[in-house]
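What the coordinates show
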Amino acid sequence: MYKKGLSVWFIVILLIISLLAVGCGGKTEDKAAAPEKVKVGVILPLTGNLAQLGQEVNNGFDLATEFVNAKGGVWGKQVELVKGDAPDATAATSEANRLITREGVKVIAGSYASAVSFAASEVAERNKVIYWEQGAVADNISDRHLQYFFRLIYKASDLGRASAQYVAELAPQLKIDPKDLTVAIMNEDSNYGTAVAAGVKDIAAKTGMKVVVHEQYSSKTTDLSSVVLKIKQAKPDAIIATSYVPDGILFWRQAKENGVSPKIMIGNGGCHNMPDFAAALGDDVNGVFNAGTSSTFNPDGLLPDAKALFVEFQTKYEAKYGRKPTAHAAMGFNAMYLLLNQVLPQAGAMDAEKIKTAAKAMDMPTGSTIVGWGVKFDADGQNTRAFPMIDQWQSQKVVTIYPKEFGLTDKVTVPLPAWGKRADVGK
Amino acid sequence: MLKIENINVSYGEVQVLHNVSLDVEEGEIVALIGANAAGKTTTIKTISGLLKPTAGKITFNGTNIAGLSTSKIVELGIVQVPEGRLLFPEMSVLENLELGAYTPQARKVRHETIKTVFQLFPILEKRSQQLAGSLSGGEQQMCALGRGLMAKPKLLMVDETSLGLSPIMAKTVFESIKQINKTVGMTILLVEQNVHWSLRLAGRCFVLENGKVVLNGPSKELKENPHLQKAYLGM
Amino acid sequence: MILDVKNVSKRFGGLWAVKNVSFSIAENEIIGLIGPNGAGKTTLFNLISGYFPPNEGQVLLNGEVISNLPAHKICQKGLARTFQLVRPFPDLTVLDNVAVGSLARYPRLPEALKKAEEILEFVELDKGKKRFGSELTIAERKRLELARALATEPKVLMLDEVMAGLNNTEVNEMLKIIRAIQKKNITLVVIEHIMAVIMSVSDRIVVMNEGEKIADGIPKDVANDPTVIKAYLGEEELDLA
Amino acid sequence: MEFLKQRGKSFPMVAFFAVMIILSFIIKNGFYQHIFILTLFYAGMSSAWNIVGGYAGQLSLGHAAYMGIGAYTATLLYLKMGVSPWIGIIAAIIIAAAVSALISYPSFKLHGTFFAMSTLAFGEVMRIIANYWRGLTNGSVGLSIPFKPSLAHLMFEERVGYVYFAMIFLAVVLVISSRIKESRAGYYLNAIRENEIAARSLGINTSLYKLYASVISASLAAVGGVFYAFYILYIDPSGLMDSAISIQFTLMAIIGGLGTLWGPVVGAILIIPLSEFMRAWLGGVGQGLHLVIYGLIMVVVVIVSPGGLINGYKVIIRKIKKIKA
Amino acid sequence: MNEFIQVIVSGILIGGIYVVVAMGLSLMFGVTKIINFAHGEFLMLGMYAAYFIYKFLGIEPYTAIFIITPLFIVIGMIIYKLVINPIVDRKHEIQIFATLGLSIVFQNMALFLWSADFRTVNLSYSTATVSFGDITISLARLIAFLAAAVITAAMLLLLKYTYVGKALRAVSQQNTAAELMGIKVKRIYLIAFSIGIALAGIAGALLMPVFYAFPTVGAYFSLAAFVVVVMGGMGDVTGALIAGLIIGIVESLSGFYVAAELKEAIYFVLFIIILFIKPNGLFARKEAK
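Per the secondary structure count, chain D includes 15 helices and two strands. What you see for chain D is a C-alpha radius of gyration of 20 Å, in line with the 20 Å of a compact globule of 325 residues. Along the first, second and third principal axes, the C-alpha atoms of chain D reach 60 × 45 × 45 Å. In chain D, buried positions account for 70% of the 325 residues. Within chain D, counting contacts between residues at least 6 apart in sequence, those at least 24 apart form 77% of the total. As displayed, chain D offers around 10600 Å² of accessible surface, 72% of which is attributable to carbon and sulfur atoms. Taken as two groups, the 23 positive and 10 negative side-chain charges of chain D have centres that lie 10 Å from each other.

Written as structure tokens, this is what we have:
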């Protein structure tokens, strides 16, 4: 309909520009070939809805790198983290490609969000680059039998199992037979919440606990009153919740408004161990349990080296960021520190095969890392010695209570006191 | 009072007015006549400042108003009653009238003005709480005229008042225009397709054809003009 | 009779825009439809061309009821129209504008374009055919609109004020085109404002006022009909003192 | 190839793909290849959108839903029944066409903002359904496709395979687009966009043609969805069917030139590398900084360039021609 | 029965919040005919403003409204001059994408400046409730709802009884005629836009005690607000009020009786169906021409 002869030249010009851009890019690659520093890739969601926890992990990564660099780095060279922002799977693919092919990294640490981990680790695998996952919990990430993928954290369903198991163990204290215990499950409906809930259901079936309500919702919702009302109606003894921060705050606030008062409330990370959660609820946060990685357990349960590192991490982190590290920051630190301090020196060179061998050879007992875990990867790259701990909020602080050797206190308050009467929890 | 000298106006790349000149003296009724799309509405839109001339001069009481904003021109005292009436359909008649008196000076005296308007158009007082969109065509036209008067204009430009009205209704409206001119002494620039009416109502007429003024003069003389008779009166 | 309008009425809100109008048109006639502004001419056009259905009555094209068909079907059956406010497609070229019309009969684009060129030649608009619809003068737009409707190869063509806003030369050219269209065996219904013009070209004239048909006959009779004079020209003895 | 037969008209197309093929030999770096693939893919998606959004002027903001339908159809058939994605493409087309026919017909009564909002809502509903229907889609856990490179599985050991596949996808969309544009349907769609009432009076069944545009557009978007799934190898509702993705398709067409054959392509060539490079350069600098700049560029371009770059260019050409004449 | 009433009450309360968010959007649209896709981001800025005012000045969000309102009127004016004025007469798609770009800028600006942390103000009334028999009502949400009613009433009074209000309506109904009355249309656009932004800021302050500020919070509300505005019949204040309550009640009912995950989908479907039946919104009085 229109004479196109000329518009084509317009396009051709654009193409030439993009060609030039590519030409320039080629040089960057050459630079990467002769590194003066040890480059490690990082992929995290630094923008978008998951930015908050992504940033926490990023802080941990940064601090671990500082620690290692202060000690002289790896192989006598300083470590540089090359970062990619991946708010979603497509961006993760882009960034993984960029880090691998343009920055020339041989190992990528990530990614906290499961969707990001899925996509980025796929690219890493195809390029034979190590993907070092610190905190994405979706079960099926490690079900793909990838060769270059290592995950330090436990699976989501294991987290759900742990929290449900703990609830079952608390039943006698309520003078209820676990078989008669009624449980409400609520979770946000992304892969994280869904997988945790599956683990909870599994244990509920095994222990005979009765799941009276199971509510799933989008974490982007503005109102959870329908969920709250359903739970209120079912009057469960325990609520097992999996939330992100916004919906977690919303739920507990609306639960308070509606006078939902279970005997046990337990969360599964993501929200229920975050300072923002406590800030929003004040004293009412006390008595709430959380299952997940902890950054505030009793370091006496750790092996001596780990304990020293734990203390150093806590103080340096607070000095640098002006607040206590969250569990996500601790996991980030742990993952990066293990990578830089153990795996890479062991591997001896920036070579994926060697790093893989070194990682597979890792055999660290429980209590040897700053989050309490040991490290031993199975054939799928899943760490078999990771486990969640149980915390309880006391005096608006996350206090670890289980496993016993990491517990800071024996004083566990059950059942949960009524709303507004929780200041004394743990005392 | 109003003097237009050789203005050119274009819509985009199409020039619609070519060297149009006309003038209006205080107290008179002047009609601008011509066929559909001859450029009548364009001319008064340009006077109102809705369109900007590409060339030429428009002066009002000695002030050059070409290129001024519409609100400024309204404040100076030129008010247009637009073609198709363009009432605010979901506002009451009273509100429509009140909006007519939007400029500060008109707003001050709006209570007196509204009395005059109601005297001219008693039906508007009866309908004052009704939504303007629900009025009949003739009533709407009266409301539009009333709204124009509320601005306390020195020059009232009335665009195609008879459009869409039955002859009887049109007659009433024309009579009231005459009335406005007589009682208030209002200067009126009338834009009309209906040549008969215009010739009877106005003292002087300008005939536009294809964006050019082809004839002008006192209505009596024009009535006898063979070109006009042939082109517009079907004689 | 190629077009029969039988007791057609249309109501908007509480007002009858068209009230019980009937007339018939024989093949190859030129019918003038006149009346003062707001008489209901355009509404009648809209009813016939299927823009909206009548509340009462029927329209028959070649003996077939078309009054409940959608507009595009009516066009395909051979009745085309133009609009008073011209609606050229502004971002299409003149040629493409007309080709949209001819595609109704010639689904293959090259043929449609060829036909469109022929029609543009016919209406003498072939010079600037690469210009965009938005770049035309009013006279050209009117002609484009006519050409586009003509391109659908109608049996009946209804023209809504195609001469409004044109100067004398342009009006005469348009009249020439209208007569030429008639020679192509197309029946025409023409809405027009200017009496003189319509009188000269029509075989028969239908006069409307306030939604009703008030006269129907050959131009000379209609022009001398006192009701028509009163409705159309207004009461001469109006007192404006 | 089909489009080579179209005499002189196909010259731009041939030239374009010649350059693309040359580029596919030059670009060896994986990151640039990835950007190249994304650009071709988005150019294809935006061109597919353009058929209904540009030609017919129906500003749909829910096209990610069709991409999602395509991705899920082919992935599920492949994972659950071992059906080759090539056959999956056909199934994807059928389902997307059916869904679009169902939703489009009533929605074409709506105009302007109302239409846009209804498609936005439709896209969101589809995403929520995909999330909720766990038995079928695995919900938000997503579906991960094991990497088994072979042509039959639409997975390629060498990334360049994806380059060619994306190129073929874009070529198919462009050929169909230009075929539509240069046919009765294209003329009719343009007429509908410009003035629906006038179009109807010229014998155009406007509902039918809008439906036709919508179905073709949705089908092509579904094909793109299949490609996406087998390239990224992981799909989940929020990553695939987010309204932000629908808006991306629209944005590219608008930046490049709505309703023109090459507009969406130009838009994609500008936007994808821009956003990718912005993220690469600034993503690690400060949280969100790259998107602030990206957003600013978007605002400025949209304000400054009237009707897209291609049209801006056309206006200039028109002016030049006038001066010459 | 009680639970049904409780569900309805919850629906009305969340509906009230939608109304507050939608009101400014509706006014802007009615007058300028621009859909402000960055409206949610102005809400977000309002929440941050309330948060920082509380944190640094110790002024509670409800009182902060008196600071936020003038502040946001100024912000509205600046944004109008920079972004909206150049596109006010342009095509829909241009307007959509300019405001969309603005939303990307604000979202990430907030992320860049204030990080992604969730900011809450924990006040005595954040979780306080009022009870009527078995029915409990969140105090802060009730206040937001009452504010919605007050804002609606104030808007109606403004539009009905002041000259500016009449000019706003005049421009929204017939902007050429308004111009011919001597109304500076562009200035009315500016006023409408600024009031709209101020209303978004007020909505932010009202939300702060019950919700929490973070960079992408706007998106959580804006989609619902768009639905409310479109369904209520663009620019219709009472329509927006009723549509907001309908959406809230439908959301609450479907969340309780169908599934919490599907509640958004259900009101979107309802919205689509309503549009199919009434293509210009629920309360559109006339067919748009």
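Below, the discussion takes up the pattern of salt bridges. All names here are of chain C. All chains considered together, the criterion is met by 49 salt bridges over all chains. The residue Asp216 makes a salt bridge to Lys213 at a minimum N-O spacing of 3.1 Å. You can call Lys213 partly exposed: its relative accessible area is 32%.

Here the focus is the environment of Trp16 of chain C. Residues and elements named next belong to chain C. Tracing the backbone through its elements, the reader meets Trp16 in strand 2 (residues 15-25). Between the alpha carbons of Trp16 and Glu210 there is a distance of 8.4 Å; along the sequence they are 194 residues apart. In this structure, Trp16 is in contact with Ser9, Lys10, Arg11 and Glu56, ignoring residues within four places of it in sequence.

Here we come to the packing of aromatic side chains. Counted according to the given criterion, the structure contains 62 aromatic pairs over all chains. Between Tyr166 of chain A and Tyr402 of chain A, the aromatic rings sit 5.5 Å apart at their centres with planes inclined by 55°, giving tilted as the arrangement. Here the residue Tyr166 of chain A occupies a position in helix 5 (residues 156-170), and Tyr402 of chain A occupies one in strand 12 (residues 397-402), the gap between them amounting to 236 residues. Classification of Tyr166 of chain A by relative accessible area gives buried; the value is 7%. The rings of Phe41, Tyr42, Trp86, Phe156, Tyr162, Phe165, Phe169, Phe227, Tyr228, Tyr231 and Phe249 of chain D are connected pair by pair, giving a single aromatic cluster.

Time to look at the packing of helix 4 (residues 85-107) of chain D against helix 5 (residues 112-132) of chain D. How two helices pack is summed up by the angle between their axes together with the distance between the axes. Residues and elements named next belong to chain D. Look at helix 4 against helix 5: their axes get within 11 Å of each other, and the N-to-C directions meet at 150°. Compared by their axis directions, helix 4 and helix 5 come out roughly antiparallel. Regarding helix 4 and helix 5, the two cross each other, and that crossing is right-handed. Every residue of helix 5 that contacts helix 4 at Val99, Ile103 and Ser107 is listed here: Phe115, Ser118, Phe122 and Met126.

All names here are of chain D. When you line up the elements, Phe230 lands in helix 10 (residues 206-232). On the basis of relative accessible area, Phe230 is assigned to the buried category, the value being 0%. Counting along the chain gives 152 residues from Phe230 to Tyr78, while the straight-line C-alpha distance between them is 10 Å.

Residues and elements named next belong to chain B. Across the sheet, six strands lie side by side as 6-7-8-3-9-10; this open sheet has mixed pairing. What marks the edges here is a single partner per strand, and that holds for strand 6 (78-81) and strand 10 (212-218). Mean inter-strand twist for the sheet, computed between neighbouring axes without regard to direction, equals 15°. Across six bridges, strand 9 (residues 204-209) lies against strand 10 in antiparallel orientation. From the neighbouring strand, Cys205 faces strand 10, where its bridge partner is Gly217. Where helix 7 (residues 137-150) meets the sheet, its contacts fall on strand 6 and strand 7 (155-159), and the angle it forms with strand 6 comes to roughly 170°.

The subject of this paragraph is the pairing of strand 3 (residues 107-110) of chain A. Residues and elements named next belong to chain A. Of the two faces of strand 3, the one lined by Val107 and Ala109 and the one lined by Ile108 and Gly110 are each fully buried. Of the pairings in the sheet, the one linking strand 1 (residues 38-44) to strand 3 comprises three bridges and is parallel in character. If you follow Ile43 over to strand 3, its bridge partner there is Gly110. Where strand 3 meets strand 4 (residues 130-133), four bridges bridge the pair, whose relative direction is parallel. Considered in strand 4, the bridge of Ala109 is made with Trp132. Running through helix 4 (residues 114-126), the crossover from strand 3 to the neighbouring parallel element strand 4 is right-handed.

Let's shift gears to the pairing of strand 3 (residues 29-33) of chain B. Residue and element names in this part refer to chain B. When you tally the buried positions in strand 3, you get five out of five residues, the bulk of the element. The alternating pattern of strand 3 places Ile29, Ala31 and Ile33 and Val30 and Leu32 on opposite faces, both of which are buried. Examined bridge by bridge, strand 3 and strand 8 (residues 187-192) share five bridges and lie parallel to one another. By the bridge assignment for strand 8, Ile33 is matched with Glu192.

Among the surface-exposed residues, Phe4, Ile5, Tyr257 and Val258 of chain E lie close enough to one another that they form a single nonpolar patch of about 350 Å² accessible area. What makes Phe4 of chain E partly exposed here is its relative accessible area of 34%.

Let us now look at the arrangement of the chains. In this assembly eight pairs of chains touch, with chains A and D having more contacts than any other pair. Chain A makes no contact with chain B; the smallest distance between any of their C-alpha atoms is 20 Å. A minimum C-alpha distance of 11 Å separates chain C and chain E, which share no contact.

All names here are of chain A. Residue position: Tyr244 is located in the loop between strand 8 (238-242) and helix 8 (245-257). Residue class for Tyr244 comes out buried when judged on its relative accessible area of 14%. Those residues in contact with Tyr244 that lie beyond four places of it in its chain are Leu50, Tyr112, Glu188, Ser190, Tyr192, Ser219, Gly270 and Cys271.

Residue and element names in this part refer to chain C. In space, the six strands of this open sheet follow the order 6-7-8-3-9-10, with mixed pairing throughout. The open sheet terminates on both sides in strands that have one partner only, identified here as strand 6 (79-81) and strand 10 (212-217). Neighbouring strand axes in the sheet, compared pairwise and without regard to direction, differ in orientation by 15° on average. Its contacts with the sheet put helix 1 (residues 41-48) on strand 3 (30-34), strand 6, strand 7 (156-160), strand 8 (187-191) and strand 9 (204-209), and the angle it makes with strand 7 is roughly 150°.

On to the confidence of the model for chain D. Residues and elements named next belong to chain D. Across chain D, pLDDT averages 88, with 91% of residues at or above 70. Model confidence for chain D, summarised as mean pLDDT per element, is weakest for helix 15 (residues 308-324) at 65 and strongest for helix 3 (residues 64-81) at 96. The low-confidence segment residues 1-6 (pLDDT under 50) makes ten contacts with residues lying over four places distant or belonging to another chain.

Rules and cut-offs
Residues numbered from 1 in each chain as written. Chains lettered and ligands numbered in written order. Predicted model: local features only at pLDDT ≥ 70, side-chain atom pairs only at ≥ 80, totals over all residues. Heavy atoms only, no water. Helix = DSSP H or I, 4+ residues; strand = E, 2+ residues; numbered from the N terminus. Rg over C-alpha atoms; globule rule 2.2 N^0.38 Å. Buried < 20%, exposed > 50% of the residue type's maximum accessible area, 1.4 Å probe, protein only. Contact = heavy atoms within 4.5 Å. Areas by Shrake-Rupley, 256 points an atom, 1.4 Å probe, with all protein chains shown as cover. Lys, Arg positive; Asp, Glu negative; His and termini not counted. Charge placed at Lys NZ, Arg CZ, Asp CG, Glu CD. Salt bridge = Lys/Arg side-chain N within 4 Å of Asp/Glu carboxyl O. Phe/Tyr/Trp six-rings, centres within 6.5 Å; stacked < 30°, edge-to-face > 60°. Axes fitted to C-alpha atoms, helices over the stretch in contact; angles between N-to-C directions. Parallel < 35°, antiparallel > 145°, perpendicular 65-115°, else oblique. Left-handed = near helix turned anticlockwise from the far one by under 90°. Pairing = 2+ DSSP bridges. Right-handed = clockwise from strand over helix to strand, strands pointing away. Patch = residues over 30% accessible without salt bridge, like charges linked within 9 Å, V, L, I, M, F, W, Y side chains within 5 Å. pLDDT = per-residue confidence, 0-100.

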